[in-house]
Amino acid sequence: MSREALLKPTEIKAGKSLIKNIDIPVTMAALQAKLQELDFQAGFVVLWHIDAISWGKWESGQLHFPEADPKDCLLLEVRIFNENEELHLLKQGGGFRGRYRKDDEGEEAEYVDSASRFWGRRTQAQECAEGYMRLIDSDRKLQMLLPATDAEAEYYALETRSYVGINEQTAQAGYVDYRFKAILPVFVKGDAR
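This structure is a prediction, so every number in the text was calculated from the model and none was measured. All chains use their own residue numbering, which begins from 1 and follows the written sequence. Local features in a predicted model are, by the rule used here, given only for residues with pLDDT of at least 70; side-chain atom pairs are given and counted only at 80 or more, and totals for whole chains, interfaces and linings are based on all residues. Excluding hydrogens and water, the side-chain figures rest on all heavy atoms present in the structure.

S.K.: Describe the overall build of the protein, with residues and values.
M.R.: Helix and strand labels come from DSSP, where a helix needs a run of H or I of at least four residues and a strand needs a run of E of at least two; each type is numbered from the N terminus. A count of helical and extended segments in the protein gives 2 helices and 13 strands. With C-alpha atoms as the basis for the radius of gyration, the globule rule is written as 2.2 Å multiplied by the number of residues raised to the power 0.38. In terms of C-alpha radius of gyration, the protein reaches 18 Å, essentially the compact-globule figure of 16 Å for 193 residues. Considered along the principal axes of its C-alpha atoms, the protein spans approximately 50 × 40 × 30 Å. Categorising residues by exposure relies on relative accessible area from a 1.4 Å probe, with only protein chains included: less than 20% of the type maximum marks a residue as buried, more than 50% marks it as exposed, and the intermediate range marks it as partly exposed. Within the protein, buried positions represent 42% of all 193 residues. A separation of at least 24 residues holds for 63% of the contacts in the protein among residues at least 6 apart in sequence. The contact rule is simple, with two residues in contact once any of their heavy atoms fall within 4.5 Å.

S.K.: Can you break down the sheet that holds strand 5 (residues 75-81) residue by residue, with the values?
M.R.: A pair of strands is labelled paired if DSSP reports no fewer than 2 bridges between them. One open sheet holds the 10 strands; their spatial order is 4-3-2-5-6-7-1-8-12-13, and the pairing between them is antiparallel. Of all the strands in the sheet, just strand 4 (62-64) and strand 13 (173-186) have a single pairing partner and so form its edges. The mean angle between the axes of side-by-side strands here comes to 30°, regardless of whether they run parallel or antiparallel. The pairing of strand 2 (residues 43-49) with strand 3 (residues 53-59) spans 6 bridges and is antiparallel. Across the sheet, residue Phe-44 finds its bridge partner in strand 3, namely Lys-57. Contacts from helix 2 (residues 28-37) reach strand 1 (12-25), strand 2, strand 3, strand 4, strand 5 and strand 6 (85-92), with the element oriented near 125° to strand 4. Fitted lines through C-alpha atoms serve as axes, helices being fitted only where they are in contact, and the angles separating the N-to-C directions of these axes extend from 0 to 180 degrees.

S.K.: Describe the pairing of strand 12 (residues 155-166), and please don't skip the residues or the numbers.
M.R.: Extensive coverage of strand 12 is indicated by the burial of 10 of its 12 residues. The pairing of strand 8 (residues 107-117) with strand 12 spans 8 bridges and is antiparallel. Each residue of the ladder has a partner; that of Ser-116, found in strand 12, is Leu-158. With 12 bridges connecting them, strand 12 and strand 13 associate as antiparallel partners. When the sheet's bridge partners are listed, Tyr-163 is paired in strand 13 with Asp-177. Counting the residues in the hairpin turn of strand 12 and strand 13 gives 6 residues, including Ala-171, whose phi is positive at 60°.

S.K.: For the environment of Ala-115, give the residues involved together with the corresponding values.
M.R.: Within the secondary structure, Ala-115 sits in strand 8. Each C-alpha atom of the pair Ala-115 and Ser-17 lies 20 Å from the other, and the pair is 98 residues apart in sequence.

Structure representation (structure tokens):
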């Protein structure tokens, strides 16, 4: 993906999308069991905790994180995603509520794909767990550990898919849902890669 691709005009595309409501306890064990039940394919995981955001992977029917396993009691929001599907859950009361969305199945849907660059640049200077990369924004004093992608670049972006629909109350068209799709390398002009 190039810088120009991040700036190109968005385009409405048509396809199919299946949505299932999900309600599970707030535990990593329940999350893992639900992913297995859904036959969720390999993908990325992002968790919002009370005090941090952490990234991981869903591979071979297991959740993997570069550092200590997350504590159930600190979780607020979860997104597990890949090119074709996403499980998005929010903590509500004593459980997780949300939806599972899978493309290429279900009802007709229109959508727009876009990407937003992460803050920071990839650094090789600091050690991180195998299969992960560290993005650092020195000016903002921010850093994030992300799952590494196949292509190495200095910058990365989060690709999202926004679904177009009609608001039943106002009859206006707009985005009715969105999901994460991928972590993409961003190559800028003059980059030798």
